[in-house]
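# A structural walkthrough
Chain by chain, the residues:
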Amino acid sequence: MKTTMLLSVSSVIFFLITNISFSQNKQLKDHILFYSSFDGKLSADVSVGDAMIYTAENYKKVANAKPGLHNPNVVLAKNKGLTGDALHFKKANTSAIFYKAYKNVGYSSKSWSGTVSFWLQLDPNKDLAPGYCDPICITDVRYNDAALWVDFTDDNPRQFRLGAMGDLEVWNPENKNDETKWKKRTVTVKYPPFKSGKWTHIVITYSEVNTNKSACKLYLDGQFKGVIKDVNDPFTWEAEKGKIMLGLGYIGLMDELAVFNKTLDYKEVKSIFELKNGLKTLFK
């Protein structure tokens, strides 16, 4: 009798946990603005704006960008992804490879909140060429002017950083190398968990940007690593020129790129990290 009751209680608990998890995942799905699985194609699986990937010779020539990948050293790698395929940067990338951010990141000049999630696989201390490397940079101009990004530094061993740089004319009008201002707008992870053959999950959240309450957070493998707050620089874009820039100077694999229209909390970030087959499972 006791055994039967215990089994019944266990079944109810399992049912409740499963349904709560399903409900949370369904809610996450409803908040996805943009998602590229890189499985068999370069265009995004989900997009509110343009789904195509673009390539230009460099970021000074983006006006001449063409749809598709036009760099032989950046390819779709069959069965090399977290699940399925992945984007593979085989040599240090200097070309402009990007998705258009317009509508795909939900930018707002009044209050902008959201989350960027993606996976990388590399050993930064062995695989990267000398110099800095930016796997992701979201901006309409450049990395130090109204931009959100993550990069690997040129330190030995390499560090990993989140940067949230508002309008250059506001935070650094003379465009000088000011370490204090720079550190205030970055989160630095001295010993990040990247390793050869291991997929590492990166999440950037941003809340109420373009208000006096803005905050940007970095998570690695579901763990909170730091926050940029009490800065409140404006992020002024020509929205239609916004870009999700990929792999500048990067060598390695990239997979499961997604943008949400809300600031995910710790539990939601962790739930994405723990999805066995990536975000594609939310669409089944």
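Going by the structure above, here's the rest.
Not measured: the values here are computed from a predicted model.

Rules and cut-offs
Residues numbered from 1 in each chain as written. Predicted model: local features only at pLDDT ≥ 70, side-chain atom pairs only at ≥ 80, totals over all residues. Heavy atoms only, no water. Pairing = 2+ DSSP bridges. Helix = DSSP H or I, 4+ residues; strand = E, 2+ residues; numbered from the N terminus. 1 Å grid on protein atoms, 1.4 Å probe; cavity = no way out; pocket = protein on both sides within 12 Å on 5 of 7 lines; lining within 4 Å. Points joined across faces, edges and corners; volume = space filled by probe spheres on them. Nonpolar A, V, L, I, M, F, W, Y, C, P; charged D, E, K, R; others polar. Phe/Tyr/Trp six-rings, centres within 6.5 Å; stacked < 30°, edge-to-face > 60°. Buried < 20%, exposed > 50% of the residue type's maximum accessible area, 1.4 Å probe, protein only.

## Re the sheet that holds strand β4 (residues 66-67)
Overall, antiparallel pairing links the eight strands, which are arranged β4-β3-β7-β16-β9-β10-β11-β12 in an open sheet. Two strands lie at the open edges of the sheet, namely β4 and β12 (186-189), each paired on one side alone. Relative to strand β16 (residues 243-248), strand β9 (residues 133-142) is paired through five bridges, and the arrangement is antiparallel. Its bridge partner being in β16, I138 is matched across the sheet by I244.

## A closer look at empty space enclosed by the protein
All chains considered together, the criterion is met by one cavity of 30 Å³ or more. Its boundaries defined by the atoms lining it, the largest cavity holds a volume of some 90 Å³. Considering the residues around the largest cavity, the lining is formed by A164, G166, V209, S214, A215, C216, I228, V231, N232, D233 and F235. Here the residues of the lining of the largest cavity sort into seven nonpolar, three polar and one charged.

## Some details on the layout of surface pockets
Estimates place the volume of the largest pocket at around 290 Å³. Considering the residues around the largest pocket, the lining is formed by 14 residues, among which V62, A63, F98, K241 and K243 are closest to the centre. Within the residue set of the lining of the largest pocket, elements represented by two or more residues are β7 (96-100), β9 and β16. Taken together, the residues of the lining of the largest pocket break down into eight nonpolar, one polar and five charged.

## Re the packing of aromatic side chains
As enumerated under the stated definition, the model contains 18 aromatic pairs in all. When the centroid spacing of 4.9 Å and the interplanar angle of 55° are considered together, the rings of F152 and F160 count as tilted. F160 shares its class with F152; the two are buried. Counting every residue linked through ring pairs, the aromatic cluster contains Y107, W112, Y206, F235 and W237.

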